[in-house]
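The residues making up each chain are set out below.
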Amino acid sequence: MRIAVVGAGPGGLYFAALVKQLGPEHEITIWERNAADDTFGFGVVFSDETLGGIEHADPAIHASMQAEFARWDDIDVHVADEVITSGGHGFAAMSRRRLLEILQRRCAELGAVMRFLTEAPPVGELAAAYDLVVASDGVNSRVRSTYADSFRPTLETRRCRYMWLGTDLVFDAFKFYVAKTPYGVMQIHGYPYDAHGSTFIVEMHDRVWAAAGFASLAEEASALAPGGSDEASIARVRELFADVLDGHMVMANNSRWTRFATVRNETWRHHNVVLLGDAAHTAHFSIGSGTKLAMEDALALAACLHEQDGLAQALTAYEEERRPVVLSTQRAAQASLEWFENLGQYVGQEPMQFAFNIMTRSRRVTYDNLRVRDHAFVERVDAWFADHEKRAGAGAGDVRPPMFQPFRLRELELTNRVVVSAMDMYMATDGVPGDFHFTHLTGKALGGAGLVMTEMTCVSPEGRITPACCGLYDDEQVAAFRRITDFVHEHTEAKFGIQLGHSGRKGSTQRMWEGMDEPLPDGNWEVVGPSPLAYKPGVSQVPRELTGLELAEIRQQFVAAAERAVSAGFDLLELHCAHGYLLSSFLSPLTNQRTDDYGGSLANRLRYPLEVFDSVREVWPAALPITVRISATDWAEGGVDVDDAVAIAQAFAVAGADAIDVSTGQVTPDERPEYGRSFQTPYCDAIRNRVGVPTIAVGAISSYDDVNSIIVAGRADLCALGRAHLHDPSWTLHAALDQDYSGPGVSWPAAWLPGRRKPQSGRTDGPRPRLQLVRDGESGVRHRRWQP
C-alpha cells in the first residue's frame with residue numbers, strides 16, 4: 001500500500017513504524033509542518049496496560065522508551081496544608097521530545113519517509129494519489145475540517161482555563177496541589193517525566209482566571225507576542241505557587257492560556273481517509289495522555305490493516321475496536337473535567353474526604369479499586385468516615401463499610417445508607433395497594449435496605465398516572481398501606497416512606513407495558529397542568545390550565561393525603577416534584593408558560609410547589625422528615641439545568657426539606673439524556689456541596705462499590721437503587737455478605753439467619769488469597785504480598 005500520514009506526532013510516527021515493521025513493502029510518507037525537534041508540552045504519561053501493548057507490538061520502541069521512563073506509584077494530594085498519599089497507581093512518563101526522537105529514529109530505520117517543515121498537499125490530492133490517508137494532525141485537524149460533512153465533528157469547550165508548563169523541580173509522585181488564593185481556587189497537576197523535569201499544569205475556573213488578572217495579561221501577550229508564550233501570566237504563576245516551586249524554574253513552550261476542547265466525531269473515516277488520535281477524539285488531560293490514546297489508535301489501525309482482507313474492512317474493524325474504548329475514556333474524562341471545573345464546591349471537605357473524592361472523580365477508580373491498589377489508604381478513609389459520622393451525630397464511630405453507617409434525618413435514624421427507590425408498579429385497584437404491593441414492599445424491607453419507598457402515590461383519582469396507580473385519598477387505601485407498614489415495622493429494621501404526587505399532564509395513560517405515556521383506549525379523564533401544553537403533541541391530551549381555585553383544591557388534596565400517611569404509619573414523606581408530573585411541570589420553563597404569579601421567573605415557578613410543601617409540612621409530624629424529589633436537569637435546551645436545580649434545592653431546604661432526592665429528566669419527550677453509570681450523581685453532588693443539604697443519589701447505581709464510593713466522597717448521603725432491587729430484593733443483605741460484613745446496619749430476619757453464609761462452592765482448600773498492597777510501618781514503603 002501507499003500510505004500518506006498527515007502529522008508527525010507520536011500517533012502518526014508510531015503508526016508508520018508499526019506498518020513498516022509488519023510489511024516492509026508498504027510505502028509510507030509522513031508530512032509535518034513543524035521542525036523535527038519542535039514539540040509542544042513537556043511530558044507524556046502511559047499506563048502499564050498501554051505499555052504492555054507497545055512492548056508486544058514493537059519491542060525495539062518499548063526498550064528505547066523504557067530506558068527513559070520516570071515511574072511512580074503514588075499520588076499525593078496537597079490540600080489545606082496536608083499531604084495525603086495513595087499508592088499502587090502504576091504509571092510511567094517520559095519527555096515528549098525524547099519520545100518523538102525515538103519514534104523518528106525507528107521510522108527512519110524502517111524506511112518511512114518523513115518530510116518536516118513541509119505542509120501536506122491538499123487532502124483531496126493525497127486521497128487520489130495514495131491508497132490510504134491517515135490524519136493525525138491534531139485537535140485542529142485540517143483534514144477533519146475539509147471533510148466535516150462526513151466526519152460530523154463537535155468540539156466542546158468548558159469553563160476552565162489551563163496553561164501547560166514545565167519545571168526543573170522533579171516531583172517524586174503525581175501531584176495535585178489545590179490552592180485557595182485571594183481570587184478563588186486554583187490547582188496544579190504535576191508529574192515527573194525524567195530525571196531533570198516535571199510537567200506543571202495550572203488550571204482554574206474562568207471566574208478565578210479573570211479575577212486573578214490573567215484575562216488582561218493574556219490579551220496583552222496576544223498583542224505583543226502572538227506566536228510565543230504568555231510571559232506575564234507565567235510570572236504571575238511563579239508568584240502564586242512560589243511555595244510549591246521552592247525556588248525552581250518554570251519553563252515555557254509556546255505556553256498560553258487555553259480551554260480544553262473535547263473532540264468527538266460521528267465517524268472516523270471518509271472513503272480512504274481515516275482520523276487518528278486528537279483529530280478523532282480528545283480526553284481531558286486529568287485522566288490520561290492524548291499521546292497514550294493516539295498510540296493505542298495507531299496500534300489498532302496497523303493491526304487491522306494487517307489482519308483484514310481489504311481496506312474498507314480494515315477501517316471498519318479499526319473504528320469498531322477503538323470507538324467503545326474511546327467513548328469509555330471520554331466519559332471518564334468528562335466526569336473528571338467537570339469535577340475540576342466545580343472544584344470550588346469541594347474545598348470545604350475535610351482533607352481525607354477530599355483526597356478520596358479526587359481519586360474517584362472519574363468513576364473509573366472506586367472504593368474497592370483503591371482498596372486493591374492501597375489497602376492502607378482505604379483503611380484510613382474508613383476510619384476517618386466513621387469518626388466523621390460520629391461527630392455528625394450518627395453512629396458510634398465504629399469502622400464498617402461506609403454504606404452500613406447509620407444516617408439521621410430529624411428524629412428518624414436509618415440503619416444504613418441504602419434506599420429502595422420509588423418504582424411505579426401499576427398493580428393497584430382503585431388506588432388500593434393489594435397483595436402484589438404487600439409482597440413487593442415487605443420483601444424489599446426484609447432484604448435489608450435502611451429505607452423503602454412506595455411508588456408515587458397519587459393524591460386524587462384524577463392525579464393518577466394510570467388507573468392502576470396507588471392512591472391515598474380514601475380510608476380503604478389507608479388500611480391497605482397500614483397492613484404493609486405494620487409488617488415492615490414488626491419484622492424489619494427498615495423505615496418506610498411514602499412518595500406523594502399528582503400526575504398533571506402525564507396522567508390518564510396506559511400501564512408501562514401496555515403503552516407507556518399513551519392515552520387510555522377509552523375512559524380517559526381530563527388532565528391538568530400549569531399551561532395547556534401536551535406532553536406528546538398530537539398523541540397526549542392537552543391539559544387544561546389550572547385556575548387559582550383549582551390550585552388551592554389540589555394543594556388541599558396533598559394535605560389530606562399527608563394526614564392519611566400519618567394514619568397509615570409512614571416514617572418519611574417525599575414530595576414528588578420530578579419527572580414532568582404536576583409539581584415538576586410548574587418548575588420547568590418548558591412546561592410552565594403562565595403569565596401570572598406562578599409562571600415566568602424561577603422564583604415564580606417555585607411558588608406553587610413551595611406552597612404545597614409548606615402546607616404538607618404543617619400537618620406532617622415535626623419529628624419526621626420530608627424529602628423532595630426533583631429533576632435536576634430537563635436534558636433539553638431551555639429547560640432546567642444544574643444551576644437552576646441548585647436554586648430549587650436551596651428554596652426547598654430553606655422551606656424545611658430534610659433531604660433532596662436528585663433525579664433528572666422525563667419532563668419532555670425531546671430530552672437527550674447522557675446515560676451511564678451513576679449518571680445523575682454529579683447533579684446530586686452539586687446540590688449537596690453547594691447548598692449544604694443532605695441528598696439522595698439515584699440512577700444507574702447498582703453495585704455496593706458504587707454506593708460506598710458515592711457516600712465516602714460526599715456526593716450523596718443516601719443511595720436509592722431501583723432495578724437492582726427488582727433483580728435481587730435482598731440486595732443489601734447480599735452486599736453485606738460480599739463484603740464479609742455482619743455487624744450493625746445489617747439486619748437478617750431471624751428465620752433467615754441460616755442464609756447468612758454463602759452456599760459452598762465445592763472448594764475445600766479455604767478462601768483464595770488476594771493480592772494486597774501493604775505499607776511497611778517503619779519505612780512507609782509499599783510492597784505486594786498474598787494474604788487471605
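Per-chain numbering applies: the sequence of each chain, read as written, is numbered from 1 onward. Only residues with pLDDT of at least 70 get local features here, since the model is predicted, and only at 80 or more are side-chain atom pairs given and counted; chain-wide, interface and lining totals rely on the full set of residues. Side-chain descriptors were evaluated using all non-hydrogen atoms of the structure, hydrogens and water having been removed beforehand.

(A) Region of the structure containing the sheet that holds strand β1 (residues 2-6). The pairing criterion is simple: DSSP has to find at least two bridges between the two strands. Counting from the N terminus, the helices are DSSP H or I runs at least four residues long and the strands are E runs at least two residues long. Taken together, the six strands give an open sheet; going across it, the order is β8-β2-β1-β9-β18-β17, and neighbouring strands pair in mixed fashion. Looking at the sheet topology across the chains shown, the edges are occupied by β8 (113-115) and β17 (269-270). Two strands pair when backbone bridges link them, and β17 and strand β18 (residues 273-275) are joined in this way by two bridges, in the antiparallel orientation. In the sheet register, His270 faces β18, and the bridge partner there is Val273.

(B) Quick look at the sheet that holds strand β7 (residues 91-95). Here we have three strands laid out as an open sheet, ordered β3-β7-β4, and antiparallel in their pairing. The strands lining the two open edges of the sheet, one partner per strand, are β3 (43-47) and β4 (70-72). Pairs of neighbouring strands in the sheet enclose a mean axial angle of 25°, with direction left out of account. When β4 meets β7, the two strands line up antiparallel, connected through three bridges. When the sheet's bridge partners are listed, Trp72 is paired in β7 with Phe91. With respect to the sheet, helix α4 (residues 96-110) is in contact with β3 and β7, its orientation differing from that of β7 by roughly 80°. Each axis is a line fitted through C-alpha atoms, and for a helix only the stretch in contact is used; angles between axes span 0 to 180 degrees, taken between their N-to-C directions. Pairs of residues are marked as contacts when any of their non-hydrogen atoms sit within 4.5 Å.

(C) Seen up close, the pairing of strand β29 (residues 695-698). Buried residues are those whose accessible area, probed at 1.4 Å on protein chains only, stays under 20% of the maximum for their type, while exposed residues exceed 50% and partly exposed ones sit between those limits. A two-sided burial pattern is seen for β29, the buried positions comprising Thr695 and Ala697 on one face and Ile696 and Val698 on the other. Direction of pairing for strand β28 (residues 659-663) relative to β29: parallel, over a ladder of three bridges. Paired with Ile660 across the two strands is Thr695, which belongs to β29. Considered for its hand, the β-α-β crossover made up of β28, helix α24 (residues 681-691) and β29 is right-handed. Whether a crossover is right-handed depends on one test, that the path from the first strand over the helix to the second runs clockwise when the strands point away from the viewer. Once the chain exits β29 it traverses helix α25 (residues 704-713) before rejoining the sheet at strand β30 (residues 718-721), and the crossover so formed is right-handed.

(D) Structural view of the environment of Pro669. The residue Pro669 is located in the loop between β28 and α24 in this model. Take Pro669: its relative accessible area is 34%, and that puts it in the partly exposed class. For the pair Pro669 and Pro226, spaced 443 residues apart in sequence, the C-alpha to C-alpha distance is 48 Å. Ignoring sequence-local partners within four residues, the contact set of Pro669 consists of Tyr535 and Lys536.

(E) Representation of the pairing of β28 in the model. With five of five residues buried, β28 is to be regarded as a mostly interior element. Alternating residues of β28 divide into Ala659, Asp661 and Ser663 and Ile660 and Val662, and every residue in both groups is buried. Two strands pair when backbone bridges link them, and strand β27 (residues 626-631) and β28 are joined in this way by five bridges, in the parallel orientation. For Ser631, the partnering residue across the bridge sits in β28 and is Ser663.

(F) Summary view of a nonpolar patch on the surface. On the surface, Met427, Phe436, Met512, Trp513 and Met516 cluster together into a nonpolar patch covering about 510 Å² of accessible area. Residue classification places Phe436 among the partly exposed positions, given a relative accessible area of 40%. Surface patches are defined over residues having more than 30% relative accessible area and no salt bridge, joining like charges when they lie within 9 Å and nonpolar side chains (Val, Leu, Ile, Met, Phe, Trp, Tyr) when within 5 Å. The Shrake-Rupley method, run with a 1.4 Å probe sphere, supplies the accessible areas, and residue values consider only the shown protein chains as cover. When a carboxyl oxygen of Asp or Glu lies within 4 Å of a side-chain nitrogen of Lys or Arg, that pair is called a salt bridge.

(G) Summary view of the packing of helix α18 (residues 475-491) against helix α20 (residues 548-567). The contact between α18 and α20 brings their axes to 9 Å, and the two run at 40°. Classified by the angle between their axes, α18 and α20 sit oblique to one another. Pair α18 / α20 crosses with right-handed handedness. Contacts between α18 and α20 involve Asp475, Val478 and Arg482 on the former and, on the latter, Arg564, Val566 and Ser567. Should an angle fall under 35 degrees it is taken as roughly parallel, and over 145 as roughly antiparallel, whereas 65 to 115 is taken as roughly perpendicular and any remaining angle as oblique. The sense of a crossing depends on the near helix, which, turned anticlockwise from the far helix by less than a right angle, makes the crossing left-handed and, turned clockwise, makes it right-handed.

(H) Up close: the packing of aromatic side chains. We call Phe, Tyr and Trp rings a pair once their centres come within 6.5 Å, taking the six-membered ring for Trp, and we label the pair stacked below 30 degrees between planes, edge-to-face above 60, and tilted otherwise. Per the stated rule, a full pass over the model turns up 33 aromatic pairs. When the centroid spacing of 5.3 Å and the interplanar angle of 25° are considered together, the rings of Phe404 and Tyr741 count as stacked. Of this pair, Phe404 sits in the loop between α16 (375-391) and β19 (407-409) while Tyr741 is found in the loop between α27 (731-738) and β31 (770-775), placing the two residues 337 residues apart along the sequence. Measuring from ring centre to ring centre gives 6.2 Å for Tyr426 and Trp513, while their planes differ by 75°; the resulting arrangement is edge-to-face. Within this pair, whereas Tyr426 is found in the loop between β21 (418-420) and α17 (435-446), its partner Trp513 is found in helix α19 (residues 512-515), the two being separated by 87 residues in sequence. On the accessibility criterion, Tyr426 (7% relative accessible area) is buried.

(I) Highlighting the nonpolar core. Core analysis: the largest hydrophobic core is formed by 122 residues, its most contacted members being Phe652, Ile660 and Ile687. A total of seven residues in this core trace back to one element, the largest contributor, which is helix α22 (residues 602-619). Buried residues of nine kinds, namely Ala, Val, Leu, Ile, Met, Phe, Trp, Tyr and Cys, make up a nonpolar core once their side-chain atoms join them within 4.5 Å.

(J) Representation of unusual backbone geometry within the structure. Of note, the phi angle at Ser508 is positive, near 55°, even though the residue is not glycine. Assignment of secondary structure puts Ser508 in the loop between β23 (495-501) and α19. Although it is not a glycine, Asp517 adopts a positive phi angle of roughly 65°. As for its position among the elements, Asp517 is in the loop between α19 and β24 (528-529). Here Asp517 falls in the buried class, since its relative accessible area comes to 17%.

(K) Layout of the packing of helix α9 (residues 214-224) against helix α10 (residues 231-240). Packing of α9 against α10 leaves a shortest axis separation of 8 Å and a crossing angle of 145°. Between α9, through Phe214, Leu217 and Ala218, and α10, the contact on the second element is made entirely by Ala232, Ser233, Arg236, Val237 and Leu240.

(L) Seen up close, the environment of Leu610. Mapped onto the fold, Leu610 is located in helix α22. Judged by its relative accessible area of 18%, Leu610 falls in the buried class. Setting aside anything within four residues of it in sequence, one finds Leu610 in contact with Ala651, Phe652 and Ala655.

(M) Highlighting the pattern of salt bridges. By the definition in use, this model includes 42 salt bridges. Arg33 is the partner of Glu119 in a salt bridge, and the nearest nitrogen-oxygen pair spans 3.5 Å. Placement of Glu119 in the loop between β8 and α5 (123-129) and of Arg33 in the loop between β2 (27-31) and β3 is noted, with a sequence separation of 86 residues between them. For Glu119, a relative accessible area of 43% puts it in the partly exposed group. Measuring nitrogen to oxygen at the nearest pair gives 2.9 Å for the salt bridge that ties Arg408 to Glu413. Owing to a relative accessible area of 32%, Glu413 belongs among the partly exposed residues under this scheme.

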